[in-house]
Amino acid sequence: MAKSPKKLTAENIFDIPPKTKEVEIPSLGGTLTVRQMLIKDQIAITEKDPPNVFETSVWLAIRCVVDPDLTEDRFEQVKGWPSEALGEIEDAIAELGGEAATAEAAEKTDEVKD
């Protein structure tokens, strides 16, 4: 018999942790852990000045790579990663259901604004 889904309440709906996944990033030569993108990540990334496609990928990695923990002061270092690594990270985040603020989506958003 299938288990019924958990009933969400006003008390427990905010306690649901985001999905995470350890992924191999061949272009960096190892693994790291990413989490799904949250609405607050989408907002923070789109508020960066200017939110261009390349910087969007860097901010996405900084916001959603949880192990190792990347902080905003690592922005310039993450910009030094191969673009392939950022693509691999974006793919992993998309698999967790957080593709709305990927670089491709940001580019589409920019096209709509123009």
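The following refers to the structure shown. Each chain carries its own residue numbering, running from 1 in the written order of its sequence. This being a predicted model, a pLDDT of at least 70 is required before a residue's local features are given, and a value of 80 or more before pairs of side-chain atoms are given or counted; all residues contribute to the totals for chains, interfaces and linings. With hydrogens and water set aside, each side-chain value is computed from the structure's full complement of heavy atoms.

Moving on, we come to the environment of L32. Helix and strand assignments come from DSSP, with helices taken as H or I runs of at least 4 residues and strands as E runs of at least 2, each series counted from the N terminus. Within the secondary structure, L32 sits in strand β2 (residues 30-35). For L32, a relative accessible area of 7% gives the class buried. As a C-alpha pair, L32 and V65 span 33 residues in sequence and 7.1 Å in three-dimensional space. It only takes one pair of heavy atoms within 4.5 Å for two residues to be counted as in contact. Not counting the four nearest positions on each side in its chain, L32 is found in contact with K21, E22, V23, I25, V65, D67, P68 and I89. Categorising residues by exposure relies on relative accessible area from a 1.4 Å probe, with only protein chains included: less than 20% of the type maximum marks a residue as buried, more than 50% marks it as exposed, and the intermediate range marks it as partly exposed.

Another point: the packing of aromatic side chains. Ring pairs shown here join Phe, Tyr and Trp side chains whose ring centres sit within 6.5 Å, with only the six-membered ring taken for Trp; geometry is labelled stacked below 30 degrees between planes, edge-to-face above 60, and tilted in between. With the rule as written, the count across this model stands at one aromatic pair. With a centroid separation of 4.5 Å and 25° between ring planes, the pair formed by W59 and F75 is classed as stacked. Here W59, found in helix α2 (residues 53-64), pairs with F75, found in helix α3 (residues 75-79); they are 16 residues apart in sequence, far enough to count as distant. Here W59 matches F75 in class, with each residue buried. Think of it as a cone above the ring: NZ of Lys or CZ of Arg counts as a charge over the ring if it is within 6 Å of the ring centre and within 35 degrees of the ring normal. The lysine or arginine in question, K48, covers the ring of W59, its NZ or CZ lying 4.2 Å from the ring centre.

On to the pattern of salt bridges, then. Criterion for a salt bridge: a side-chain nitrogen of Lys or Arg within 4 Å of a carboxyl oxygen of Asp or Glu. Within this structure, the stated rule accounts for five salt bridges. For E95, the salt bridge is made with K21, and the minimal N-O distance between the two is 2.3 Å. With E95 in helix α4 (residues 83-95) and K21 in strand β1 (residues 20-25), this residue pair connects regions lying 74 residues apart in the sequence. Taking the relative accessible area as the measure of exposure, K21 reaches 31% and is therefore partly exposed. One salt bridge connects K79 with E76, and the closest N-O pair in it is separated by 3.4 Å. With a gap of three residues between them, K79 and E76 both fall in helix α3, about one helical turn apart. Residue classification places K79 among the partly exposed positions, given a relative accessible area of 40%. A network of salt bridges, in which partner residues are shared, links R35, D41 and R63.

Any link to function would need more than the numbers given here.
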